[in-house]
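A look at the structure
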Amino acid sequence: MNPEPHPDLNRLDQALTELQAGRLDTRQFVALARDQPALLAQLPPRYAEVLHGLLDRLESSALFDAESCSFSQRDLTDSMRLWLQKATSLLQA
């Protein structure tokens, strides 16, 4: 078992924390998360599909007031956190 978290996952986790705290713009987070070809190559293809779906909805939610569209930004960031946890578990197994 690899005790060290994947550096790209660490970067995304930190960026997500900054996004949730309001210190990072949604567009910046989405750009960072989309620019992870090495990370996604290490994960099953389904992880990329789920990630891109979350990012698409997160981007859409940023176009509207925080909770006024059909995608709750809080729910999406919580789902993103869950995706990160599952990806971390898979890579550390």
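Everything here concerns the structure above.
All of the points below concern the structure found in this document. The structure displayed is predicted, hence computed values, not measured ones.

The interhelical angle for the contact between helix α1 (residues 7-20) and helix α5 (residues 73-92), taken along N-to-C directions, is 160°, at an axis separation of 11 Å. The orientation of α1 with respect to α5, classified from their angle, is roughly antiparallel. α1 and α5 meet at a crossing whose hand is left-handed. Contacts between α1 and α5 involve L9, L12, D13, L16, T17, L19 and Q20 on the former and, on the latter, Q73, T77, D78, M80, R81, W83, L84, A87, T88 and L91. Tallied by class, the residues present in the contact of α1 with α5 amount to 9 nonpolar, 5 polar and 3 charged.

All right, on to helix α4 (residues 45-62) then. With 18 residues, α4 extends 26 Å from end C-alpha to end C-alpha; this agrees with the ideal 26 Å at 1.5 Å per step. Within α4 the residues assigned to the buried category are Y47, A48, L51, G53, L54, L55, L58 and S61. Where α4 is buried, its residues contact α1, α2 (26-34), α3 (37-41) and α5.

Quick look at the pattern of salt bridges now. What the rule picks out here adds up to 6 salt bridges. Of the charged contacts in the structure, one is a salt bridge between R11 and D8, with a shortest N-O distance of 2.8 Å. With R11 and D8 both in helix α1 and 3 residues apart, the pair spans about one turn of that helix. With a relative accessible area of 13%, D8 lands in the buried category. The partner of D56 in a salt bridge is R34, with the nearest N and O atoms 2.5 Å apart. One end of the pair, D56, is in helix α4; the other, R34, is in helix α2, with 22 residues separating them in the sequence. When its relative accessible area of 40% is taken as the criterion, D56 is described as partly exposed.

Calculation rules
Here the residue numbers are simple positions, counted from 1 along each chain's written sequence. For a predicted model such as this one, the threshold for reporting local features is a pLDDT of at least 70, and the threshold for listing and counting side-chain atom pairs is 80 or more; totals across whole chains, interfaces and linings nevertheless cover every residue. Computation of side-chain values: all heavy atoms of the structure, hydrogens and water removed. Here an axis means a line fitted to C-alpha atoms, over the contact stretch when the element is a helix, while the angle between two N-to-C directions is reported on a 0 to 180 degree scale. Helix and strand assignments come from DSSP, with helices taken as H or I runs of at least 4 residues and strands as E runs of at least 2, each series counted from the N terminus. We call two directions roughly parallel when the angle between them is under 35 degrees, roughly antiparallel when it is over 145, roughly perpendicular when it lies between 65 and 115, and oblique otherwise. Take the far helix as your reference; a near helix turned counterclockwise from it by less than a right angle gives a left-handed crossing, and one turned clockwise gives a right-handed crossing. Should any heavy atoms of two residues lie within 4.5 Å, those residues are considered in contact. Residues are grouped as follows: nonpolar covers Ala, Val, Leu, Ile, Met, Phe, Trp, Tyr, Cys and Pro; charged covers Asp, Glu, Lys and Arg; every other residue, Gly included, is treated as polar. Here the expected length of a helix is defined as 1.5 Å per residue gap, with one fewer gap than residues. Partly exposed describes any residue whose relative accessible area lies between the buried limit of under 20% and the exposed limit of over 50%, with all areas from a 1.4 Å probe on protein chains only and scaled to the type maximum. For salt bridges, the criterion is a side-chain nitrogen of Lys or Arg within 4 Å of an Asp or Glu carboxyl oxygen.

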